[in-house]
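Structure assessment
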Amino acid sequence: MNANAHSGNSPIKVLVTKIGLDGHDRGSRIIAAYLRDAGMEVVYTAPWQEISTVVKLAMEEDVQVVGISSLATDHRLVPKLVEQLRAAGLEHIRVVVGGTIPPDEETLLLQAGVSRVFHPGSSRDEIVTDVQKLAKEALQAQSAT
Amino acid sequence: MNTTSQPSSLIERLLAGDSAALARAISLVENETPAAQDILKAVQSKLGRAMLVGFTGSPGVGKSSLVNAYVRELRARGKTVGVVVVDPSSPFTRGAILGDRIRITDCAADPDVFIRSLAARGNVGGLSPAAARVVDVMDAAGKDVVILETVGAGQSEVEVAEVAHVKIVVSAPGLGDGVQAIKAGILEIADILVVNKADLPDADRTQNQLRRMLKLRRSELAPVSVLPTCATTGEGISALADAVEASFKSGSGAGRTDPLLRARRVLANSAAAAAKRWVLESNDPRMTTLSEALQRGELGADEAARSLLEVIHD
Amino acid sequence: MSTHEKDVQFTLPGFEQAEALWKEGYSNQVSDQHVVKNRSGIEIKPLYTSADWTSDRYMEDLGFPGDSPMTRGIYPSMYRGRTWTQRQLIGLGTPEDYNARTREILSAGASALSLIPCNSVYRGYDADEVDPLLLGTCGTVINTIDDMDVCMDGIDIGNVSIGLNDPSPFTLLAFLLGVARRRGIPWEKISGTSNQSDYISHFVANHMFYRLALPGARRMLLDHIAFANQKLPRWNPVSVVGQHMQQGGATPAEAMGFTLSTAIQYANDCVERGLDPDSFLPRFTFFFDISVSFFEEVAKFRAGRRIWQRIVRERFGARDPRSWRFKFHGQTSGADLTRQQPLNNIARVTTQAIAGIFGGLQSLHTDAYDEVVSTPTDHAARIAIATQNIVRDEAHLTDVIDPLGGSFYVESLTNDMEEEIEAIIARIDAAGGMYNAVEAGLVQGMIGDSALAFQEKVDSGDQKIIGVNAFKTEKEDFKIEPHAYPPLERMEAQVARLKTFKAERSQAEAQRALDAMARAANSKDENVFEKLVEAAYAGATHGEICAGLRRELGFGEPLVLA
């Protein structure tokens, strides 16, 4: 018997947070609930986090995905977050953004290294499936380093 | 396997105090990967430096705010700190919202404070089975103080007691039967009782109730202090830190004077966890036979367990 | 000769007989008997008749407009006497940008102003404390009395009503009063509303407006009310806000129940301060979200009016009829708007606006269809105003006061909503009042549950959202051109201007005034707001004032319920 074998079905870990100035968290709370119900472990924070704090959180909690909720114009700061994650040696972490993002800015975010932008009306299944996929990518990328 | 996260160099960086290595090591240990065993072995000989402090108590007493204030005080005293925050998992989906660590806000950006959330992962009412191991990894990484924070739900207080040197049970006035919720058994385990939110009107009464309940303890146990705190203003925190220090030095805590006893406990818990997993998940026909015999009343539970151990041995 | 006999004697069937016949006919046509409920959880039947409500109850349930029980409206003439105030929100970029847009609106016939400051201002920071990428994108950057002077350049502030979307500690009002002083305009002429004075709603909704800790915010509001009572006869210092909670997921009944509970809390706090109810109640105003659930919103507002006049008389002994009036501003709900097929939002906003009008609001803001994506563009903002004008002037929806009054459905639903709202108020009472209830997170939990429940309905398709989970299109046939962000150089120039201001003011005077404000915050009897107004005049900046008060009165930490 091999009682110590673990099949690699450890739960996915996701950080759900908000940076910038806006505080509305109705959406991010619902997303956190979706992910939990899909078996993921969600580190959920208050809004108004500094980017440097988010990087430290992501590192300490060893998350695979960082989800930023942005309902005002705070998404404009996300490229800086992506940059700081890379600088901290955390380039394997996938960053996703959910909220009110104008279409041409979505392109800019993706170019800056954001993996996925979710708009209002995205379905629960879509969000869960994509986050799971991105988490697997992150784990593979982490093992390869 | 791979190079930089290969256990040996990871272990070197872990023992040197590198935060990224600590985070990675915790994940490997928590997820019980093959690499975990190497890490735990390497860590064993480095244990015993850190003071391990457990905080437990019902939801709503302000545990996280209290931990927050205590961490701030420790930093002011020049200590490096590791914090493990255990949150419950859904028994159905095994997912979890880990929302407590964020309340430890004051030192959120401090590189000498390392905070990690653990989901209970199906261990309903208890700690994550990995909690003790994660605490050890933080100890080996060189933290002066490692704090374990968990919701008091009966089982977890006992498990905290096996891990922590100093056990703090937190309550607060005005929670209805808040004091009753501190079951008599917990009082046997606690080293310090804290009444948080001491600015509330009932605080004095709560403290007195606790002192009366303490008189029911066995007299040979070390005395327990009852301390009022107000986590949001910082009142009583310095006194708490002093009391924790004093309790630690007087050495009544878990396995402090006997690392071997601690190791035996770790062995017992690991064995129990492993056996439990195997019994519940295995498809081995001998399992079925034993279970059926137990169900029919042909074997008693103890007998069945002994037979099981023989089966596992093969 | 016709073979049909003419039915010479037609006898009316009896009620029960006719009802039974109808029920049978209905069941034959409707196979799916599932229960329909509105957002507040009230069951909605397919038909309402005189069995549900009759005009025997006219005086008890309705009465006449302007009189108890106020159901039909707070004034005898309602919109025939005076149409609702068309107060569209304006806020963007620099003070010059604001001034330009406002002057346009005024010359286009608007009679009332509003001002939305930048998110950085909301968070309590000056322009030099935040990332420039975030400046001026959602509101106007105003940090000093000079900035306010520029905003109001060429505007007769003694003769136009201003809605200052300015949360505690109300620095924008302080700057406005400073400008009035500079221009020799007596404060008695300054009219408007502090329409984000409701700190409880900010705390509940985790709003960026929440700056000071709960006890500190409580003190600030009371000082603000006392100051306005004494020195600003035409200023409404209190606007109790249901919008944040409904946008956060509260059902319409919950939003009304929580808002009324908050108003009760503030009124109690004022009474404890020693203020006479009739001195402050006439200046309590309310601010609500209007969702697309049409009849529910109409009933919500009618019920709210009825409940409030009872509350002020029974709980507070208000005798002045002006205290009994439930004055409210309604804003069409952005939470109902979609990014997909955005022009549909015009239909949504129209529906919401009509609900608000039939609900008897005093002032209305209609959202622009592109608000889902950014600050509204000019042309979308124009459509939003035209919407109001069309329903009033073309559809003549305002020719009759409370036109839905007497409808079996609407009266029945108003009574049901009243019951539901009263139950919520009772729950809050049992928790020790709204302040205690939100401190403990009780309200936040209820709102979170409602938000999740609604989301589940949307996820399951039970609640259709056109263009999102129903009647979707493969390709988007309309592209929103989002409002451009202010150029970075422009905002950086604003930051430079702040620097110059600070260099050129009397540092000593500003500091002295800030110290006096801090001392007042630590005293029991001094009015902190009064000292704040002095500090603003002496050149203290918005960020300095907020930082100072956060130090003395506590930083507003959010309550996070995971």
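What you see is a predicted model, and the numbers here were worked out from it, not measured in a lab.

1. Things to note about the nonpolar core
Counting 257 residues, the largest nonpolar core has A58(A) and V137(B) as its most contacted members. For this core, the element with the highest residue contribution is helix 11 (residues 252-273) of chain C, accounting for ten residues. When we break this core down by domain, the ones giving at least three residues each are domain 1 (1-45) and domain 2 (47-256) of chain B. Every residue in contact with V137(B), bar those within four places of it in the chain, is listed here: L22(B), A25(B), I26(B), V29(B), I39(B) and V43(B).

2. Examining the interface of chain A and chain B
Contacts between the two partners involve 31 residues from chain A and, on the opposite side, 32 residues from chain B. Within the residue set of the side of chain A that touches chain B, elements represented by two or more residues are helix 1 (26-37), strand 2 (41-44), helix 2 (51-61) and helix 5 (124-144) of chain A. Here the element with the most residues in the side of chain A that touches chain B is helix 2 of chain A; it accounts for six residues. Of the residues belonging to the side of chain A that touches chain B, the class tally is 13 nonpolar, ten polar and eight charged. Pairing of strand 2 of chain A with strand 3 (residues 96-98) of chain B involves three bridges; the strand directions are parallel. By the bridge assignment for strand 3 of chain B, V42(A) is matched with I97(B).

3. Describing the packing of helix 3 (residues 34-44) of chain B against helix 5 (residues 131-140) of chain B
The description of two packed helices rests on the angle between their axes and on the distance between the axes. Residue and element names in this part refer to chain B. At a closest axis distance of 9 Å, the pairing of helix 3 and helix 5 adopts a crossing angle of 55°. Between helix 3 and helix 5, the interaxial angle falls into the category oblique. As helix 3 runs across helix 5, the sense of the crossing is left-handed. In this structure, helix 3 uses I39, L40 and V43 to contact helix 5, whose residues at the interface are R133, D136, V137 and A140. Classifying every residue of the contact of helix 3 with helix 5 gives five nonpolar, no polar and two charged.

4. Some words on the pairing of strand 5 (residues 145-151) of chain B
Residues and elements named next belong to chain B. Summarising burial for strand 5: seven of the seven residues are buried, a large majority. Burial along strand 5 is two-sided: the residues V145, I147, E149 and V151 and V146, L148 and T150 are all buried. Where strand 1 (residues 51-57) and strand 5 come together, seven bridges link them in parallel fashion. Across the sheet, residue G57 finds its bridge partner in strand 5, namely V151. Bridge count for strand 2 (residues 81-87) against strand 5 is five bridges, and the pairing is parallel. If you follow V83 over to strand 5, its bridge partner there is I147.

5. Brief notes about helix 2 (residues 19-30) of chain B
Residue and element names in this part refer to chain B. Helix length check: helix 2, at twelve residues, gives a terminal C-alpha distance of 16 Å against a target of 16 Å (1.5 Å per residue), a fit within 8%. Burial runs high along helix 2: nine of the twelve residues are buried. Taken together, the buried positions of helix 2 are A21, L22, R24, A25, I26, S27, L28, V29 and E30. Phi turns positive, to about 55°, at E32, one or two residues after helix 2.

6. Notes on the sheet that holds strand 5 (residues 116-118) of chain A
Spatially, 5(A)-4(A)-3(A)-1(A)-2(A)-3(B) is the arrangement adopted by the six strands of the open sheet, whose pairing is parallel. The open sheet terminates on both sides in strands that have one partner only, identified here as strand 5 of chain A together with strand 3 of chain B. When the angles between neighbouring strand axes are averaged without regard to direction, this sheet yields 25°. The pairing of strand 3 (residues 65-70) of chain A with strand 4 (residues 94-99) of chain A spans six bridges and is parallel. Note that in strand 4 of chain A the partner of V66(A) across the bridge is V95(A). Contacting strand 1 (13-17), strand 2 and strand 3 of chain A, helix 2 of chain A crosses the sheet at an angle of about 160° to strand 1 of chain A.

7. Digging into the environment of R82(C)
Residues and elements named next belong to chain C. On the secondary structure map, R82 appears in the loop between helix 3 (78-81) and strand 1 (85-86). Residue R82 is classed as exposed on the basis of its C-beta count, with 10 C-beta atoms lying within 10 Å. Here the alpha-carbon distance between R82 and L106, two residues 24 residues apart in the chain, equals 18 Å.

Cut-offs used in this document
Residues numbered from 1 in each chain as written. Chains lettered and ligands numbered in written order. Predicted model: local features only at pLDDT ≥ 70, side-chain atom pairs only at ≥ 80, totals over all residues. Core = buried A, V, L, I, M, F, W, Y, C linked by C-beta atoms within 7 Å. Buried ≥ 20, exposed ≤ 12 C-beta atoms within 10 Å, placed from the backbone. Helix = DSSP H or I, 4+ residues; strand = E, 2+ residues; numbered from the N terminus. Domains from an automatic or database assignment. Contact = placed C-beta atoms within 7 Å. Nonpolar A, V, L, I, M, F, W, Y, C, P; charged D, E, K, R; others polar. Pairing = 2+ DSSP bridges. Axes fitted to C-alpha atoms, helices over the stretch in contact; angles between N-to-C directions. Parallel < 35°, antiparallel > 145°, perpendicular 65-115°, else oblique. Left-handed = near helix turned anticlockwise from the far one by under 90°. Expected span 1.5 Å × (residues − 1).

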